[in-house]
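Here is what each chain is made of, one letter per residue.
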Number of protein chains: 2
Amino acid sequence: MKASFHEIAGAISQANRIVILSHVRPDCDAIGSQLALALSLQQLGKEVSAWNEDGLPESYRFLKKSALIHQPPSEAEDFDLAIALDTANQERLGTALRAVRRVNLWINIDHHASNPCYGDLVYIDKIAPATGQIVYEFLLSEGFPLPSAAADAIYAAISTDTGSFRYANVTARTFEIGAELLRSGVNAAAIANKLYESYPKRRVQLLGQILPEVHFDADDQIASMSLTKKTKQQLEIQPDDIDGLIDYVRSVEPVVVAIFFEELPEGKVRISMRSKDDRVDVNKICSEFGGGGHPRAAGARIRGSLEEVRSKVLQRVFHEITKSL
Amino acid sequence: MKASFHEIAGAISQANRIVILSHVRPDCDAIGSQLALALSLQQLGKEVSAWNEDGLPESYRFLKKSALIHQPPSEAEDFDLAIALDTANQERLGTALRAVRRVNLWINIDHHASNPCYGDLVYIDKIAPATGQIVYEFLLSEGFPLPSAAADAIYAAISTDTGSFRYANVTARTFEIGAELLRSGVNAAAIANKLYESYPKRRVQLLGQILPEVHFDADDQIASMSLTKKTKQQLEIQPDDIDGLIDYVRSVEPVVVAIFFEELPEGKVRISMRSKDDRVDVNKICSEFGGGGHPRAAGARIRGSLEEVRSKVLQRVFHEITKSL
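Predicted, not measured: the structure shown is a model, and the values here were computed from it.

Engineer: Help me out: how do you make sense of the sheet that holds strand β9 (residues 257-263) of chain A in this one?
Structural biologist: Sheet strands pair via backbone hydrogen bonds, and the direction of the pair is either parallel or antiparallel. Residues and elements named next belong to chain A. Strand order in the open sheet formed by six strands is β7-β8-β9-β10-β12-β11, and the pairing between neighbours is mixed. Looking at strand neighbours, the two that pair on one side only are β7 (215-217) and β11 (292-294), the edges of this open sheet. Recorded for the sheet is a direction-independent mean angle of 20° between the axes of neighbouring strands. Here β11 runs beside strand β12 (residues 297-303); their pairing, made up of three bridges, is antiparallel. Following the sheet pairing, glycine 292 is matched in β12 by glycine 299. In this fold helix α13 (residues 306-324) packs onto β7, β8 (222-227), β9, β10 (268-275) and β12, with an angle of close to 165° to the strand it touches most, β9.

What follows is the structure in structure tokens.
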């Protein structure tokens, strides 16, 4: 049963000790939503904890007051109210769920269509581009405080979950909220700069090493790139340096399937695959190699040398493309 | 003397044959502004030409009705009214200027701070993030038509000139206009996809050639990249393949000034420069080399070999950084 903002506000007003949770490996929408709601409730005089399994990722430490967000304590605690944000199912709360012992009421606020509506008061808006946008509408509609650090956090959440206002989930209301947040004092450019325009020098060096080796097959319908163990060691590559690299080849006009090969330790290769055509289901292909995902974005870990895996996977994708297009 | 929107609208209403011009190597703000104004004036029954030296770049052909934009004819023509958009000085109109013979009145609408206010009716708003935003405000305030293709063009102009709503020039009003355009039917995600996520194979090959040669100076506060004539020929590079390349180095964390050097035919080098710190004004530096622009984004064309220009410009920037930071 869908709760109204007003019912949620009522539950909050009756609670004192409140814990705000979000999913494992939190993205900026998770962190921004947690932070904004936590700061607002603190200002209402509530005793607020904000936990997720991994705590605050380094890349979001620039958000004011973000130190509020912690990994859960090892000993479970009791609360009047627990609020899960941006978390498609309760298991994705990970250790943060186990750190909540007794609680009178669970609230679940999210924008994932797959959310099974766990909890006592549930507000799922699968059209909302970001949970941050739902939190903003909630604070606004209930007249809850929006301190400046909370406004920043909402802006960061919305900006990242819309790919900087580029994805199909953006509506006129999203832009309107952007305008309202800027009017309230958010420095959008400073936040965007921290989110998108500050990467380490090694990222450019990494691109300089892998882009010259991009490989096109099947009349440029397949594009692939490889990252060797050697390059990773040499440039001291961190996991998030690799995020989004596949987009460099996915965005090439005639490409239908983009593949990223990453040489792992222990004789394995991680593959990421993207399809731009519904007739080529990369989830199906990756499943055959023991992986999975979605029809347009999937992955797998495959035993073998980089060359063996490349050749096997490229052959399989070539076959699928020839058959399907 | 700054003209009002109303005076500009008056001049338009009295004219019949109107030419809308923009700068050489048009970016999406130039094209989008030209296209939006041209479509609006056509709908008012005007006989409109829209020219720029290079015509319509391939990457903006997706804009509806963009075929309206042409290279100037070889034989000069007469007009009642000429309108220059997004063009910081009249010389930047290039061959498009020479194709205008007699004209009763010149209008100059722009957002470049360095614009010397050429023309009879001048509207410079150096705070506006895009000339497209000025054109939009003009059409709105004067009740001029905004056909759907014009709304798309304005959206594309604003999106690109703000780096997808990320730059410091974005204001609450910019977001509000985004909301208004989406409400009027603009498909923002489809436009963003064309602008940012579809490029030719040669773009990846180009990155593969220039990124390994990126050069860092002054403790990584200066990053520079170069594009030679040879690479351009070999990959058949079009001018718009080069757009945004400078962002690859601008976004590196410690970089304060990013510089792009492009070897031109006739023994010249085109430089683009970006600053991430208000204390380093790249408009000032580029002006010394005969160019101009904004404090944080400027350019110039300099006579000399690639090596000579690189060394001269890097030295000048090094000096400025040492002095200012």
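Engineer: What exactly am I supposed to notice about the sheet that holds strand β4 (residues 77-85) of chain A here?
Structural biologist: Residues and elements named next belong to chain A. As summarised here, the arrangement of the six strands in space is β3-β2-β1-β4-β5-β6, forming an open sheet in which the pairing is parallel. A single partner strand is all that each edge strand has here, and the edge strands are β3 (69-70) and β6 (121-124). Each of β1 (17-21), β4, β5 (100-110) and β6 is contacted by helix α1 (residues 5-14), which is oriented at about 135° to β6, the strand it contacts most.

Engineer: So what exactly am I meant to see when it comes to the interface of chain A and chain B here?
Structural biologist: Quite often, the size of an interface is put as the accessible area lost when its parts meet. Counting residues at the interface gives 38 residues for chain A and 39 residues for chain B. Put simply, chain A and chain B have six salt bridges between them. Between aspartate 220 of chain B and lysine 201 of chain A there is a salt bridge, with its nearest N and O atoms 3.0 Å apart. The tally of links between chain A and chain B comes to 14 residue pairs in polar contact (both at pLDDT 80 or more). Within the residue set of the side of chain A that touches chain B, elements represented by two or more residues are α6 (172-183), α7 (188-196), α8 (201-210) and α11 (247-250) of chain A.

Engineer: Help me understand the packing of aromatic side chains in this model?
Structural biologist: We describe a pair of aromatic rings using the distance from one ring centre to the other and the angle between the two ring planes. As enumerated under the stated definition, the model contains 19 aromatic pairs over all chains in all. Centroid distance tyrosine 155 of chain A to phenylalanine 175 of chain B: 6.1 Å. Interplanar angle 90°. Geometry classified as edge-to-face. Of this pair, tyrosine 155 of chain A sits in helix α5 (residues 148-161) while phenylalanine 175 of chain B sits in helix α6 (residues 172-183), on two different chains. Comparing tyrosine 155 of chain A with phenylalanine 175 of chain B shows no difference in burial state: the two are buried. Each residue in the set Tyr155, Phe165 and Phe175 of chain A together with Tyr155, Phe165 and Phe175 of chain B is aromatic and connected to the rest through ring pairs, giving one cluster. For the cation-ring pair, lysine 2 of chain B lies above tyrosine 123 of chain B, with the distance from its terminal atom to the ring centre recorded as 4.3 Å. The residue whose ring lies beneath arginine 203 of chain B is tyrosine 199 of chain B, and the NZ or CZ to ring-centre distance is 5.8 Å.

Engineer: Just to check I follow, could you spell out the environment of glycine 178 of chain B for this structure?
Structural biologist: Tracing the chain through its elements places glycine 178 of chain B in helix α6. Sequence-wise, glycine 178 of chain B and valine 24 of chain B are 154 residues apart; in three dimensions their C-alpha atoms are separated by 27 Å.

Engineer: Help me out: how do you make sense of the domain arrangement of chain A in this one?
Structural biologist: Examined at the domain level, chain A breaks down into domain 1 (5-196) and domain 2 (201-324). Computed from C-alpha atoms alone, the centre-to-centre distance between domain 1 of chain A and domain 2 of chain A is 33 Å.

Engineer: Help me out: how do you make sense of the nonpolar core in this one?
Structural biologist: Taken as a class, soluble globular proteins show a tendency for nonpolar side chains to be buried jointly. The biggest cluster of nonpolar side chains holds 119 residues, and the ones touching the most others in it are Ile83 of chain A together with Ile83 of chain B. Residues in contact with isoleucine 83 of chain B, not counting those within four places in the same chain, are Ile12, Ile18, Val19, Ile20, Leu21, Leu37, Leu41, Ile107 and Ile109 of chain B. Counting residues in each nonpolar core, the second largest holds 44 residues, with Val204, Val214 and Val252 of chain A together with Leu227 of chain B among its members.

Engineer: Explain the environment of glutamate 307 of chain A here, please?
Structural biologist: As for its placement among the helices and strands, glutamate 307 of chain A is situated in helix α13. Remark: the alpha-carbon pair of glutamate 307 of chain A and valine 269 of chain A, spanning 38 residues in sequence, is separated by 9.6 Å.

Engineer: I would appreciate a short explanation of the packing of α6 of chain A against α6 of chain B in the present structure.
Structural biologist: The relative placement of two packed helices comes down to the angle between their axes together with the axis-to-axis distance. Running from amino to carboxyl end, α6 of chain A crosses α6 of chain B at an angle of 165°, the nearest separation of the two axes being 8 Å. It follows that α6 of chain A is roughly antiparallel to α6 of chain B by the angle criterion. Read as a crossing pair, α6 of chain A and α6 of chain B show a hand that is left-handed. In contact with Ala172, Arg173, Phe175, Glu176, Gly178, Ala179, Leu182 and Arg183 of chain A of α6 of chain A, α6 of chain B contributes Ala172, Arg173, Phe175, Glu176, Gly178, Ala179, Leu182 and Arg183 of chain B.

Engineer: Help me understand the side chain of asparagine 283 of chain B in this model?
Structural biologist: Residue and element names in this part refer to chain B. When you line up the elements, asparagine 283 lands in helix α11 (residues 282-288). Among the polar contacts listed, one links the side chain of asparagine 283 to the backbone nitrogen of glycine 293, at a separation of 2.9 Å. Setting aside residues no more than four positions away along its own chain, asparagine 283 makes contact with Gly292, Gly293, His294, Pro295 and Ala298.

Engineer: Please explain the pattern of salt bridges as it appears in this structure.
Structural biologist: Here the idea is simple: oppositely charged side chains can pair when their charged atoms come close. On inspection of all chains with the given rule, the structure shows 44 salt bridges over all chains. Linking arginine 270 of chain B and glutamate 262 of chain B is a salt bridge whose minimum nitrogen-to-oxygen distance equals 2.7 Å. Within the structure, one salt-bridge network assembled from shared partners comprises Glu137, Arg173, Glu176 and Glu180 of chain A together with Arg183 of chain B.

Engineer: Help me out: how do you make sense of the packing of helix α5 (residues 148-161) of chain B against helix α7 (residues 188-196) of chain B in this one?
Structural biologist: Residues and elements named next belong to chain B. One can describe the packing of α5 onto α7 by two numbers: an axis separation of 10 Å at closest approach and a directional angle of 55°. Taken together, the axis directions place α5 and α7 in an arrangement best described as oblique. The way α5 lies across α7 gives a crossing that is right-handed. Touching Asp152, Tyr155, Ala156, Ser159 and Thr160 of α5 are Ala188, Ile191, Leu195 and Tyr196, all from α7.

So, how was this worked out
Residues numbered from 1 in each chain as written. Chains lettered and ligands numbered in written order. Predicted model: local features only at pLDDT ≥ 70, side-chain atom pairs only at ≥ 80, totals over all residues. Heavy atoms only, no water. Pairing = 2+ DSSP bridges. Helix = DSSP H or I, 4+ residues; strand = E, 2+ residues; numbered from the N terminus. Axes fitted to C-alpha atoms, helices over the stretch in contact; angles between N-to-C directions. Contact = heavy atoms within 4.5 Å. Salt bridge = Lys/Arg side-chain N within 4 Å of Asp/Glu carboxyl O. Polar contact = N/O pair within 3.5 Å; in protein donor to acceptor, adjacent residues only side chain to side chain. Phe/Tyr/Trp six-rings, centres within 6.5 Å; stacked < 30°, edge-to-face > 60°. Buried < 20%, exposed > 50% of the residue type's maximum accessible area, 1.4 Å probe, protein only. Lys NZ or Arg CZ within 6 Å of the ring centre and 35° of its normal. Domains from an automatic or database assignment. Core = buried A, V, L, I, M, F, W, Y, C linked by side-chain atoms within 4.5 Å. Parallel < 35°, antiparallel > 145°, perpendicular 65-115°, else oblique. Left-handed = near helix turned anticlockwise from the far one by under 90°.

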